[in-house]
Amino acid sequence: MRAFVTALTLLVVAAAPATAAAPAEAAAAVAAVGPQPGTFTGKGFDTCTAPSQAAMDAWLTASPYRAVGVYISGASRTCAQPNLTATWVADQTRKGWRLIPIELGYQAPCGTRTPKMSADPATARGQGRTAADSAAAAATALGIGAGSTLYNDIEQYPSNASCRAAVLSFLSGWVERLHTRGYLAGMYSSGSSGITDVCAAYDDTRYLRLDQIWIAWWNGVADTDGGTYCADDRYADQQRLHQYAGDVTETWGGVTMKIDRNYLDVRAGTPPATWSVTVDNATSGGFSAGAAWGASAYSGQRYGADYRFATPVAASDVAWFRASLPATGAYEVSVWYPADPGYNDRTPYLVATTTGNRSVAVDQRTGGGRWVSLGVFTLAAGAGDKVGVSRWSAGTGYVVADAVRITRV
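Because the structure is predicted, anything quoted here is derived from the model rather than measured. (Residues numbered from 1 in each chain as written. Predicted model: local features only at pLDDT ≥ 70, side-chain atom pairs only at ≥ 80, totals over all residues. Heavy atoms only, no water.)

Draft legend 1. Broad picture of the nonpolar core. Judged by nonpolar contacts, the single largest core of 61 residues is most densely connected at Phe45, Ile72, Leu171, Trp174, Leu210 and Ile213. If one sorts the elements of this core by residue count, helix H6 (residues 161-180) sits on top with ten residues. The contacts of Leu210, once residues within four sequence positions are left out, are Leu171, Trp174, Val175, Ala185, Gly186, Met187, Val198 and Tyr235. Ranked by size, the runner-up nonpolar core spans 30 residues in total, among them Leu325, Ala327, Val351 and Val362. (Core = buried A, V, L, I, M, F, W, Y, C linked by side-chain atoms within 4.5 Å. Buried < 20%, exposed > 50% of the residue type's maximum accessible area, 1.4 Å probe, protein only. Helix = DSSP H or I, 4+ residues; strand = E, 2+ residues; numbered from the N terminus. Contact = heavy atoms within 4.5 Å.)

Dropping the structure here:
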């Protein structure tokens, strides 16, 4: 089996904001019928520009296709999109078409397409959240409501360890934010790069799992098999789309279009409920630290009224954040700290996982005043010390303990 590295060459749409064609007020009056693509097994197609109503009607009558991919957002789109409005969306779904909404924006840092996501995993994760916000806003404006699956298109890239970490972190941000917005999270990529990386990380708790995958593998077979790119037991519960042929020209009902062919086996679902807790250094019963930890309100980047700080020392003196978790499971741990040139460039955060403490070093000289993800960890149910800041640092400058956020994924 071989991967086709440019599987979505023809699947791009205009760089103009999607909301220009479909204002939010229009979506309030005209909306798609049900979640998209919802529960569906069968053939679909995608093409550069959303087709005219006449073309869609002709193909609905004569072709074997009942799903159509449409690019709703993303800075990497290039085709004009005069037809893609909330009215167009509602008309297609009312007549029986299923829609595959796609974001084409940030690309792998090691790939050739732009704009590229950051090679830094933490920054890439934030960009994934931003992309999700953009896609969700575009979907809402078009009347594609909550419960629909939005697919992020990451074109083929020459995967390596650092690039893989960036892509998987980006997709984790995509999943996290779409779930909070009420959407399911999908991803399109070539079998040899993005799909291979996502499926290999299926059980890796550092990353959030997608709801659906769209496999670009032009083997000509209309099924959802992933071949050697994705094991059969991964994304196995009606969670796959397969782009099995591309750059083909077909005529149905007297209308000719250049398309890519897809086969879908997907089902509607509900994004998992998000449980989250934030613990500040001032949270009653949620923080403990030794006498060496001072308090300061110096930085305007602080979370809450103040934060705690201490000089590094080669001894165990951990400031702990305590929380009560509803169940043992995977949780994303994020930290907030004010950044300053005088703070520590290798502050050790300790995460109390079910298999022991995990240490993650953070440069507190940069990136402050926002939530910074340490990753996803398996944490135990119940109350206890969950995240700590250690003074035992190989870096220089004050170590800071301000706030942590723990989110179930």
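Draft legend 2. Examining the pattern of salt bridges more closely. This model, assessed by the stated rule, comprises 18 salt bridges. We note a salt bridge from Arg129 to Glu332, for which the minimum N-O separation is 3.3 Å. Of this pair, Arg129 sits in helix H5 (residues 121-141) while Glu332 sits in strand E14 (residues 329-336); the two residues are 203 residues apart in sequence, bridging distant segments of the chain. Comparing Arg129 with Glu332 shows no difference in burial state: the two are buried. Among the ionic pairs, Glu250 bridges to Arg261, the shortest N-O distance being 2.5 Å. Within this pair, whereas Glu250 is found in strand E7 (residues 239-252), its partner Arg261 is found in strand E8 (residues 255-266), the two being separated by eleven residues in sequence. In this structure Glu250 comes out as buried when scored by relative accessible area, which is 8%. Each of Arg125, Arg129, Glu176 and Glu332 takes part in salt bridges that share partners, so that together they form one network. (Salt bridge = Lys/Arg side-chain N within 4 Å of Asp/Glu carboxyl O.)

Draft legend 3. Summary view of the environment of Phe309. Residue placement: Phe309 occurs in strand E12 (residues 307-310). Once residues lying within four places of it in the same chain are set aside, the contact partners of Phe309 are Ala292, Trp293, Gly294, Ala295, Ser296, Tyr398, Val399 and Val400.

Draft legend 4. View of the sheet that holds strand E9 (residues 276-280). Sheet architecture is open: four strands sit in the order E9-E20-E14-E17, paired in antiparallel fashion. Each edge of the open sheet is held by one strand with a lone partner, namely E9 and strand E17 (371-379). The average angle at which neighbouring strand axes cross in this sheet is 20°, direction not considered. The pairing of E14 with strand E20 (residues 403-408) spans six bridges and is classified as antiparallel. Counted as the bridge partner of Tyr331 is Arg408 from E20. (Pairing = 2+ DSSP bridges. Axes fitted to C-alpha atoms, helices over the stretch in contact; angles between N-to-C directions.)

Draft legend 5. Examining the sheet that holds E12 more closely. Judged by pairing direction, the sheet is antiparallel, and its three strands sit side by side in the order E11-E12-E19 without closing on themselves. Sheet topology places strand E11 (294-296) and strand E19 (399-401) at the edges, where each strand pairs with a single neighbour. Taking the axes of each pair of neighbouring strands and ignoring which way they run, one obtains an average angle of 35° across the sheet. In this sheet, E19 lies alongside E12 in antiparallel orientation, the contact comprising three bridges. Bridging from a neighbouring strand, Ala310 pairs with Val399 of E19.

Draft legend 6. Local environment of the packing of helix H3 (residues 53-62) against helix H4 (residues 86-95). Between H3 and H4, the least distance of the axes is 11 Å, while the angle of their chain directions is 15°. As summarised for this structure, H3 and H4 are arranged roughly parallel, according to the angle between their axes. The chirality of how H3 crosses H4 is right-handed. For the pair H3 and H4, contact is made by Gln53, Met56, Asp57 and Leu60 and by Trp88, Asp91, Gln92 and Lys95, respectively. For the contact of H3 with H4, a count of residues per class yields three nonpolar, two polar and three charged. (Parallel < 35°, antiparallel > 145°, perpendicular 65-115°, else oblique. Left-handed = near helix turned anticlockwise from the far one by under 90°. Nonpolar A, V, L, I, M, F, W, Y, C, P; charged D, E, K, R; others polar.)

No statement about biological role is implied by the geometric values presented.
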